[in-house]
Amino acid sequence: MLKGTKVGFGKFLLHRHCEEIAIKILTYNVHSCVGSDGQPSPGRIAEVIAACDPDVVALQELDVGRKRTGSVDQAHAIATQLSMRLFFHPAIQVAEEQYGDAILTSLDMRLIKAGPLPSFGERRGALWVEANYRGNIVNIINTHLGLSRRDRSAQVAALLGPGWLGHADCRSPKILLGDFNAGRSSLAYRQISNQFADVWAGGTGRPRKTFPSRLPLVRIDHIFVERSMQVTDVGVVSGRTARMASDHLPLYATIAMSKT
């Protein structure tokens, strides 16, 4: 290849002097780490995640200090077992008990924002971190949308707006992921897919359902990326332990980037 010749690679243009790298992202609603056997086990959740070996993990429905699950800090327990650092955001807090979402990673990570989303029903929120992957800065937002159409529409509008993905500091590449409680035909999904691509959309295989874990019937956990990003692999972890550990199955995607 002649120096400086461009080679098409999906929507990327890679030069000879560029190094191709890839980041693996996973999203997982852990259901307070309570499995189908009725037992809370952060260790079992960590085992499922570790088998996938992701670079960044987005978790939803974590209990922190809640009596119903033994007053354990589930976010910290999972991060410790995986040797990852974390940021946690409590969507709900009553006295010392918290319930919310987290982002875990072994990469350098900086919290940009953690806060609530418009909620008419149960309170929901989001976390925005800036992850440094081998010199590449990636903006990642993890969320868990509400159960009602009204909640989800307002929450998606907020996430796409100037406070989150539309903020001047939220530069490309951007990734939005989590439990959206919304299928492909929903308004919330259409709102997001007008601007971002579902990781299953690039011919990476037939989309797989994530809920309920024992017999998945719907696809409500999603990873959305900018259309300029190339997804090289997508999958759902569905082994025996994953089917037991939570009422959702984890969804992962590998995303290619180029480093000069």
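Figured I'd write up the structure that's included with this text.

Rules of the game
Residues numbered from 1 in each chain as written. Predicted model: local features only at pLDDT ≥ 70, side-chain atom pairs only at ≥ 80, totals over all residues. Heavy atoms only, no water. Patch = residues over 30% accessible without salt bridge, like charges linked within 9 Å, V, L, I, M, F, W, Y side chains within 5 Å. Areas by Shrake-Rupley, 256 points an atom, 1.4 Å probe, with all protein chains shown as cover. Salt bridge = Lys/Arg side-chain N within 4 Å of Asp/Glu carboxyl O. Helix = DSSP H or I, 4+ residues; strand = E, 2+ residues; numbered from the N terminus. Buried < 20%, exposed > 50% of the residue type's maximum accessible area, 1.4 Å probe, protein only. Pairing = 2+ DSSP bridges. Phe/Tyr/Trp six-rings, centres within 6.5 Å; stacked < 30°, edge-to-face > 60°. Lys NZ or Arg CZ within 6 Å of the ring centre and 35° of its normal. Contact = heavy atoms within 4.5 Å. Axes fitted to C-alpha atoms, helices over the stretch in contact; angles between N-to-C directions.

### Digging into a nonpolar patch on the surface
- Taken together, the side chains of Leu 215, Leu 217 and Val 218 make up a nonpolar region of the molecular surface, amounting to roughly 290 Å² of accessible area.
- By the element assignment, Leu 215 lies in the loop between strand S11 (197-198) and strand S12 (221-225).

### Here's the deal with the pairing of strand S6 (residues 97-105)
- Across the nine residues of S6, eight count as buried, placing the element largely inside the fold.
- Examined bridge by bridge, strand S4 (residues 56-64) and S6 share seven bridges and lie antiparallel to one another. If you follow Leu 62 over to S6, its bridge partner there is Gly 100.
- Bridge analysis of strand S5 (residues 85-94) against S6 gives nine bridges, and the strand direction is antiparallel.

### Description of the packing of aromatic side chains
- Following the criterion strictly, the structure yields two aromatic pairs and no others.
- Ring centres of Phe 180 and Phe 224 lie 5.3 Å apart, and the angle between their planes is 90 degrees; on these two criteria the pair is classed as edge-to-face. Of this pair, Phe 180 sits in the loop between strand S10 (174-179) and helix H4 (187-193) while Phe 224 sits in strand S12; the two residues are 44 residues apart in sequence, bridging distant segments of the chain.
- A network of ring pairs unites the aromatic residues Phe 180, Tyr 189 and Phe 224 as a single cluster.
- The ring of Tyr 252 has Lys 24 sitting right over it, with the charged end atom 4.8 Å from the ring centre.
- Between the NZ or CZ atom of Lys 113 and the centre of the ring of Trp 164, over which it lies, the distance is 4.2 Å.

### Overview of the pattern of salt bridges
- Considering all chains together, one arrives at eight salt bridges under this definition.
- Between Glu 97 and Arg 66 there is a salt bridge whose closest N-O contact spans 3.7 Å. Separated by 31 residues along the polypeptide, Glu 97 in strand S6 and Arg 66 in the loop between S4 and helix H2 (74-82) bring together distant segments of the chain.
- With its nearest N and O atoms 3.1 Å apart, the salt bridge here joins Arg 124 to Glu 122.
- Overall, the relative accessible area of 6% leaves Arg 124 in the buried class.
- Residue Glu 122 is classed as partly exposed on the basis of its relative accessible area, which comes to 40%.
- Residues joined by salt bridges that share partners form a network here, namely Asp 63, Arg 66, Arg 68 and Glu 97.

### Quick word on the sheet that holds strand S8 (residues 124-133)
- Read across the open sheet, the six strands follow the order S7-S8-S9-S10-S12-S11; overall the sheet is mixed. Where the open sheet ends on each side, the last strands, each with one partner, are strand S7 (108-117) and S11.
- Pairing of S10 with S12 involves five bridges; the strand directions are antiparallel. Counterpart to Leu 177 in the pairing with S12 is Ile 223.
- On top of the sheet, helix H3 (residues 149-160) reaches S7, S8, strand S9 (136-144) and S10; it is set at about 140 degrees to S7, its chief contact.

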